[in-house]
Amino acid sequence: MEDSFPRSELWRARVRSLLPIRPRGLLTRPADLLTARRLASRLRADGISFRDVHRLERTVSDLLVFQLEGEATQPPLVVKHPLSSRAATSLARECEAVRQLTLDDRLDKWRHLLPTVEMCLPEGRLPLVAEGRLPGVGGDTLLRHSPELARNVAVSALQAVGELHRATGHPERVTTQVAEWVHPHLDVLAEEIRWCRQGPGAAAMEALRERLTRGLAGRTLTVAWTHGDYHPGNILLSEELGTLTGVIDWATTRPNGPCAIDSYMFVLALRQQLGRRQLGRIVADVVRRGSLLPEDRHLLAQTDVPPPHEDPDEALLPLLTWLWHVAGNAAKSARYGRSRRWVASNVVPVLKEVAAR
């Protein structure tokens with residue numbers, strides 16, 4: 001029995017590693033609907049009126065999310081309920097970030113793009129966050145249906161995040177920030193992904209650490225409120241023109257981040273969506289070429305990001321952007337780190353290219 005237990009656990013781990021990352025909604029929908037209705041009843045008891053539960057889904061980051069259509073005097077709500085301790089931590093962090101952003105006097109012209117938190121109860125048996133629903137449709141959804149709007153979407157999104165950075169940022173010479181911006185994210189990958197902590201993977205991680213640490217130290221970068229995961233799935237847009245109407249998912253934001261990663265993240269993620277390729281393979285191509293594609297440089301010119309051709313290591317900021325993104329995903333949900341498909345497509349290609357340089 002003692003010998004069979006580890007083998008059974010190993011078998012389960014192997015099966016889980018081959019499953020898709022996104023949860024299968026049909027299998028969990030009955031239980032999720034029951035939970036959503038219990039949460040809705042709780043909101044009703046607190047004086048928030050509504051009609052019914054809509055658009056119920058489980059996210060990859062272990063959140064149960066649904067909408068409540070309000071009565072005539074009550075605006076629609078988006079309700080988020082964490083399904084794991086990681087998700088609860090992330091949700092509490094997002095609530096605090098939105099609160100700080102809302103109170104920041106420098107963001108008077110930007111505040112309409114932020115969600116309004118009507119209720120934030122991260123503790124207790126059924127923790128939840130209820131936000132006022134922002135107008136517009138998700139950027140990833142709009143691009144799937146109307147790829148011809150990609151240019152409008154990119155310009156609107158990059159200009160808006162540039163305004164956030166200009167309102168809250170200042171140039172700063174990078175010194176002690178290197179450790180804060182690089183090492184914790186590498187530690188997450190090593191903890192969550194087995195390939196990253198042994199053999200060639202561990203060696204590649206050290207090569208990446210050295211490249212980022214050496215390349216960032218002494219640079220002057222704009223430090224500002226940084227979203228941290230600024231991609232089409234985290235913005236809302238008008239369906240007709242593709243102009244920005246809202247920005248969501250502030251769990252990875254920070255008030256003193258290297259704000260260039262927001263613009264780089266959007267450009268890389270836009271290429272991922274339009275080209276139907278995994279982000280890791282796109283970033284690996286950047287490392288291999290030593291540069292972004294010309295059209296991506298042009299999009300970055302729409303913001304306050306320095307022109308990439310003036311950068312002595314043009315792959316450096318895309319690498320830092322990639323690191324923040326994959327480490328953020330791995331920290332949000334164990335599904336990422338245990339998925340062989342995700343690791344093979346989004347982590348391994350980049351690290352192998354870094355090790356080969």
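All residue numbers refer to position in the chain's written sequence, counted from 1. Per-residue local features are limited, in this predicted model, to residues with pLDDT of at least 70; the limit for side-chain atom pairs, both in listing and counting, is 80 or more; totals at the level of whole chains, interfaces and linings are taken over all residues. Each side-chain value is derived from all of the structure's non-hydrogen atoms; neither hydrogens nor water enter the calculation.

### Side note on the pattern of salt bridges
Item 1. Any Lys or Arg side-chain nitrogen located within 4 Å of an Asp or Glu carboxyl oxygen qualifies as a salt bridge. Using the criterion set out here, one finds 22 salt bridges in the structure.
Item 2. The residue Lys-80 makes a salt bridge to Glu-131 at a minimum N-O spacing of 3.5 Å. Taken together, the residues span a long stretch of sequence, with Lys-80 in strand E3 (residues 77-82) and Glu-131 in strand E5 (residues 128-132) at a distance of 51 residues.
Item 3. A relative accessible area of 6% places Glu-131 in the buried class.
Item 4. Across the pair Arg-357 and Glu-353 runs a salt bridge, and its minimum N-O distance is 2.9 Å.
Item 5. The class for Arg-357 is exposed, based on a relative accessible area of 52%.
Item 6. You can call Glu-353 buried: its relative accessible area is 13%. Under the DSSP-based scheme used, a helix requires at least four consecutive residues in state H or I and a strand at least two consecutive residues in state E, with every element numbered from the N terminus. Three exposure classes are used, based on accessible area relative to the maximum for each residue type with a 1.4 Å probe and protein chains only: buried under 20%, partly exposed in between, and exposed over 50%.

### Here's the deal with the state of the cysteines
Item 1. Cysteine sulfur atoms are paired as a disulfide whenever they fall within 2.5 Å. Here the structure, examined in full by the defined rule, presents one disulfide.
Item 2. With its sulfur 2.4 Å from that of its partner, Cys-95 forms a disulfide with Cys-120. Between Cys-95 and Cys-120 the disulfide shows an S-S torsion of about 120 degrees. By sign, it is right-handed. Residue Cys-95 is located in helix H3 (residues 85-103), and its partner Cys-120 is located in strand E4 (residues 116-121); the two are separated by 25 residues in the primary sequence.
Item 3. Of the residues examined, Cys-95 reaches a relative accessible area of 10% and is grouped as buried.

### Section: the nonpolar core
Item 1. Formed by 78 residues in total, the largest nonpolar core has its most connected members in Trp-110, Val-182, Leu-189, Tyr-230, Ile-235, Trp-250 and Trp-322.
Item 2. Two residues form a contact once any of their heavy atoms are found within 4.5 Å. Leave out the neighbours within four places in its chain, and Leu-189 touches Cys-196, Met-205, Trp-322, Leu-323, Val-326 and Ala-327.
Item 3. Counting residues in hydrophobic clusters, the runner-up holds 15 residues, among them Ala-36, Val-53, Leu-77 and Ala-130. We call a set of buried Ala, Val, Leu, Ile, Met, Phe, Trp, Tyr and Cys residues a nonpolar core when their side-chain atoms join them within 4.5 Å.

### Observations regarding the confidence of the model for the chain
Item 1. Per-residue confidence from the predictor is given as pLDDT, running between 0 and 100. A residue-level look at the chain finds 87% of positions with pLDDT of 70 or above and a mean pLDDT of 87.
Item 2. Low pLDDT (under 50) marks residues 1-5, which in the prediction has zero contacts with non-local residues, meaning those over four places away or in another chain.

### Describing the side chain of Arg-254
Item 1. With respect to the helices, strands and loops of the structure, Arg-254 is situated in strand E11 (residues 254-258).
Item 2. Not counting residues within four places of it along the chain, the set of residues in contact with Arg-254 comprises Glu-180, Trp-181, His-185, Ala-224, Trp-225, Thr-226 and Trp-324.

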